[in-house]
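# Chains, contacts and geometry: an overview
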Amino acid sequence: MIHIHPHSPTAHHQQQHSVHQIKMASLSLPRSKPRFFHLSILVLCFFLTASAQQLSPSQSKTLLRLQRLLEFPPALAGLTNSTNFCVLPPSTSLSIACSGDRITQLSIVGGRSTPLSSSFSSDSLFTTLSRLPSLTVLSLVSIGIWGPLPGKVDRFASLKVLNLSSNFLHGAIPPQISTMSSLQNLVLAGNSFNGTVPDLKSLPILAELDLGGNRFGPDFPSLGESLVTLVLKNNSFGGKIPAGLAALDQLQKLDSASNQFVGWIPPFLFSLPSIRYLDLSGNQLTGQLPANLSCSSGLGYVDISNNLLMGGLPTCIRSNSSSLVVLNSGNCMASGDSSYQHSNSYCNDGALAAILPPADHKSRSKSKLGLIFGIVGGVVGGAVLLGLLVFLVSRRVRAATNPESSMFQKPIAGKTLVQVSPGRTPADARHMSQAARVGTLGLTPYRVFSMEELEEATDTFDPSNLIEDGPRGHFYKGWLQDGSMVVVRRLKLKPKHPLQSLLKYMDVISKLRHHHLVSILGHCIVGGQDGANTASFVFLVFEHVQNGTLRSHLTEWRKREMMKWLQRVSAVIGVARGIQFLHTVTVPGIVGNDLNIENILLDQTLTAKINNYNLPVLLKNKNKKVGSESPFSTMEDSDLGSSRKA
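Residues numbered from 1 in each chain as written. Predicted model: local features only at pLDDT ≥ 70, side-chain atom pairs only at ≥ 80, totals over all residues. Heavy atoms only, no water.

To continue, consider the overall build of the protein. When you go through the protein residue by residue, the secondary structure sums to 14 helices and 31 strands. Burial status across the protein gives 46% buried among its 646 residues. Long-range pairs, those at least 24 residues apart, make up 56% of the contacts in the protein between residues at least 6 apart in sequence. A total accessible area of about 31,900 Å² is found for the protein, and carbon and sulfur atoms account for 56% of it. (Helix = DSSP H or I, 4+ residues; strand = E, 2+ residues; numbered from the N terminus. Buried < 20%, exposed > 50% of the residue type's maximum accessible area, 1.4 Å probe, protein only. Contact = heavy atoms within 4.5 Å. Areas by Shrake-Rupley, 256 points an atom, 1.4 Å probe, with all protein chains shown as cover.)

This is the structure:
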């Protein structure tokens, strides 16, 4: 028997030819039987359509089993034994294509933001899918599947497209994927995969590889030369960008943002023959770009922001135009608006930290478990002891130190008071240690916001954006012009608080930025009714961390799968580093912080960030007695509860 694809021209021609023959035969029939004949035509047409597109019973049963395994997602709602799957009209949530009596393409797209139930098994899912051996396209996007990706994924010998993005898959990519020589598109973005990527040089026609939003690293993946799109953003890849990328003549898009790459940017990246999109932002890349840099004629987007780059922009990427967009903020470069660049000392310190030799990951992976426990225990114990020592020293210093004084320029009059920070004194430099500066590498530069920017971000502080209203102030969610989500905290100042003292305090606030803190991105001072020398409110802009709390990752079974032993130890060490930073970033240190695990947030890479930490206090000397005070009328000390403090 020869099977004809239901949507092929041959099948369509045969159906049209049969109907045409029936219509011709009707001309010779008596006029007394028109109704019977018309009914016969309808029945015959239905039979021809159904018979040409009917799946085999085993394939239909497989789809119905998938419906149950995926816990009846909306995309598969209403499917029954009588459903003719091959003639279903394609939609944004479900698309099925057939060849003969077999399914060749299956695409299911959901909008699920939580994993499927604990009874779900990724192994059972792919065992069931393997009963569709003719698949060339398999796309299961945002449907809540979780667990490891089983090695039996290689059973699809003809698979060209595999898209499992925006789910909750974790663990390493199975090495069997390197044997799927027909793969052209591999999209695993937005999961929780980790470890080293298998060797993909054996995939000769792989054109798209998207691994963004996972925890892969640190080794750069081994790739074939047929790639057109390579997305590695939001992972933990490190080291220098490999010279082997120069062989990717067909590469049009390279996105390696928000990783841990170090060293100079290889100039050849800008002149790859087909390159159009290049994003290297959010790494620790150092040095200068050569002035005579050559750029590909098709290059339309370059983002090198938030690195440790110095010098100027080469001529070929110096200016934005309708055909070229260049982003370079957050470096130490001489090009562009200086308010969006760090000082040269910042990048010099960062470059020194970035080139320190990394640990030998291979030998560490072969170490005995007891040695790992000993090292981790020593690090954690040392951090705790160091934190305790710093705490005791800072208490003594706070009890004996006199308030410092400094000169400030006169602020500009108006509703929004723009801070003019003075040059740092030797005492200021002493306040921020080298470790504290290294902890800020890769963060967006601190800046002063205008009131208009905050009103736009929060929709004029619309009540629907209010997320907290209590003794600690008002908290609003908002979105900046670049699309990033932030939290805006409004604090009321004490009446007639000296403006010079407030400006000095905001200079201290600007230091509260670290990889293990929910960092402050900037502030806005709003003037009062008495003119330029008074202020009534301060707005602090914080980064927004969306991946949940440490408690949820330790107690909820869906998230617990992602928190392996090493991730838990890493979170503990991260909290210790954050506390150490708070204790040493200023004199006196910021102590009495709430360490309730509800206040420890985890970002997409499971980096621990301390939230709701205390703001610094100002020293005061009244009647020859040293004390401290806050410039705000409400302070978080009144809302700390009985949790452990550090």
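Moving on, we come to the pairing of strand E23 (residues 466-470). Residues in a regular strand project their side chains so that they alternate between the two faces of the sheet. When E23 meets strand E24 (residues 473-479), the two strands line up antiparallel, connected through four bridges. Along E24, the bridge assignment pairs Asp 469 with His 474. (Pairing = 2+ DSSP bridges.)

Here we come to the sheet that holds strand E11 (residues 229-231). Spatial strand order, E1-E2-E3-E5-E7-E9-E11-E13-E15-E17-E19: eleven strands in an open sheet with mixed pairing. Strand pairing shows two members of the sheet lacking a second neighbour, strand E1 (94-99) and strand E19 (325-327), which therefore form its edges. Strand-to-strand twist in this sheet, taken as the mean axis angle between neighbours without regard to direction, amounts to 10°. Here six bridges tie E1 to strand E2 (residues 102-109), and the two strands are oriented antiparallel to one another. Looking at E2, one finds that Ser 99 is bridged to Arg 102. Strands E1 and E2 of the sheet are contacted by helix H3 (residues 57-69), whose axis makes an angle of about 15° with E2. (Axes fitted to C-alpha atoms, helices over the stretch in contact; angles between N-to-C directions.)

Right, let's get into the pattern of salt bridges. Note on pairing: side chains with opposite charge can pair once their charged atoms come close. Across all of its chains, the model carries four salt bridges by this definition. In this structure, Lys 152 engages Asp 123 in a salt bridge whose closest nitrogen and oxygen atoms are separated by 3.2 Å. Here Lys 152 is found in the loop between strand E4 (146-148) and strand E5 (161-163), whereas its partner Asp 123 is found in helix H4 (residues 122-129), with 29 residues between them in sequence. Residue Lys 152 is classed as buried on the basis of its relative accessible area, which comes to 18%. Across the pair Glu 543 and Lys 609 runs a salt bridge whose closest N-O atoms are separated by 3.5 Å. Of this pair, Glu 543 sits in strand E27 (residues 531-543) while Lys 609 sits in strand E29 (residues 608-610), and the two are 66 residues apart along the sequence. (Salt bridge = Lys/Arg side-chain N within 4 Å of Asp/Glu carboxyl O.)

That bond from Gly 217 to Pro 218 is cis: its omega, 0°, falls within 30 degrees of zero. Residue placement: Pro 218 occurs in the loop between strand E10 (215-216) and E11. The phi dihedral of Glu 71 is positive, around 60°, even though this residue is not glycine. Inspection of the secondary structure puts Glu 71 in the loop between H3 and E1. In this structure, Asn 612 takes a positive phi of about 60° despite not being glycine. Secondary-structure assignment places Asn 612 in the loop between E29 and strand E30 (618-622).

Moving on, we get to H3. For H3, built from 13 residues, the straight-helix expectation of 18 Å at 1.5 Å per residue is met to within 8% by its first-to-last C-alpha distance of 18 Å. Each element contacted by the buried residues of H3 is listed here: E1, E2 and H4. Phi turns positive one or two residues past the end of H3, at Glu 71, with a value near 60°. (Expected span 1.5 Å × (residues − 1).)

Below, the discussion takes up the side chain of Thr 104. By secondary structure assignment, the location of Thr 104 is in strand E2. Discounting residues that sit within four places of it in the chain, Thr 104 has contacts with Ala 97, Cys 98, Ser 99, Ser 134, Leu 135, Thr 136 and Val 137.

In this sheet, strand E6 (residues 168-171) lies alongside E4 in parallel orientation, the contact comprising three bridges. Along E6, the bridge assignment pairs Trp 146 with Phe 168.

Sheet architecture is open: five strands sit in the order E12-E14-E16-E18-E20, paired in parallel fashion. With one partner strand each, in any of the chains shown, strand E12 (238-240) and strand E20 (332-333) form the two edges of the open sheet.

This part is about H4. Of the residues making up H4, those classed as buried are Ser 122, Leu 125, Phe 126, Thr 128 and Leu 129. Burial along H4 is one-sided: seen end-on, the buried residues are contained in an arc of 155°. Structurally, H4 contributes buried residues whose contacts are with H3, E2, strand E3 (137-141) and E4. (Arc of directions from axis to C-beta.)

H4 packs onto H3 with a crossing angle of 165° between their chain directions and a minimal axis gap of 10 Å. Between H3 and H4, the crossing angle belongs to the class labelled roughly antiparallel. H4 is crossed by H3, and the crossing has left-handed handedness. Along the contact surface, H3 presents Thr 62, Arg 65, Leu 66 and Leu 69, while H4 presents Ser 124, Leu 125, Thr 128 and Leu 129. Split by residue class, the contact of H3 with H4 holds four nonpolar, three polar and one charged. (Parallel < 35°, antiparallel > 145°, perpendicular 65-115°, else oblique. Left-handed = near helix turned anticlockwise from the far one by under 90°. Nonpolar A, V, L, I, M, F, W, Y, C, P; charged D, E, K, R; others polar.)

Here we come to the environment of Ser 226. Position of Ser 226 relative to the elements: it lies in the loop between E10 and E11. Judged by relative accessible area, Ser 226 falls into the buried class, the value being 13%. Taking the C-alpha atoms as reference points, Ser 226 and Gln 250, 24 residues apart in sequence, are found 6.3 Å from one another. If we ignore the near neighbours within four places in the chain, the residues touching Ser 226 are Leu 203, Pro 204, Ile 205, Leu 206, Ala 207 and Gln 250.

With that settled, the discussion passes to the packing of aromatic side chains. Counting across every chain of the model gives eight aromatic pairs. Centre to centre, the rings of Phe 220 and Phe 237 are 6.4 Å apart; their planes meet at 50°, and the pair counts as tilted. One end of the pair, Phe 220, is in the loop between E10 and E11; the other, Phe 237, is in the loop between E11 and E12, and 17 residues separate them in sequence. The exposure classification of Phe 220 matches that of Phe 237, with both residues buried. Look at Phe 461 and Phe 539: their rings are 5.3 Å apart centre to centre, the planes differ by 35°, and that puts the pair in the tilted class. (Phe/Tyr/Trp six-rings, centres within 6.5 Å; stacked < 30°, edge-to-face > 60°.)

Here we take up the nonpolar core. Membership of the largest hydrophobic core comes to 80 residues, with the highest contact counts inside it found for Leu 106, Leu 129 and Leu 230. Sorting the residues of this core by element identifies H3, E1, E2, H4 and E3 as the ones contributing at least two each. Not counting the four nearest positions on each side in its chain, Leu 129 is found in contact with Leu 66, Leu 106, Leu 135, Leu 138, Leu 140 and Phe 156. Ranked by size, the runner-up nonpolar core spans 39 residues in total, among them Tyr 505, Leu 540, Val 585 and Ala 608. (Core = buried A, V, L, I, M, F, W, Y, C linked by side-chain atoms within 4.5 Å.)

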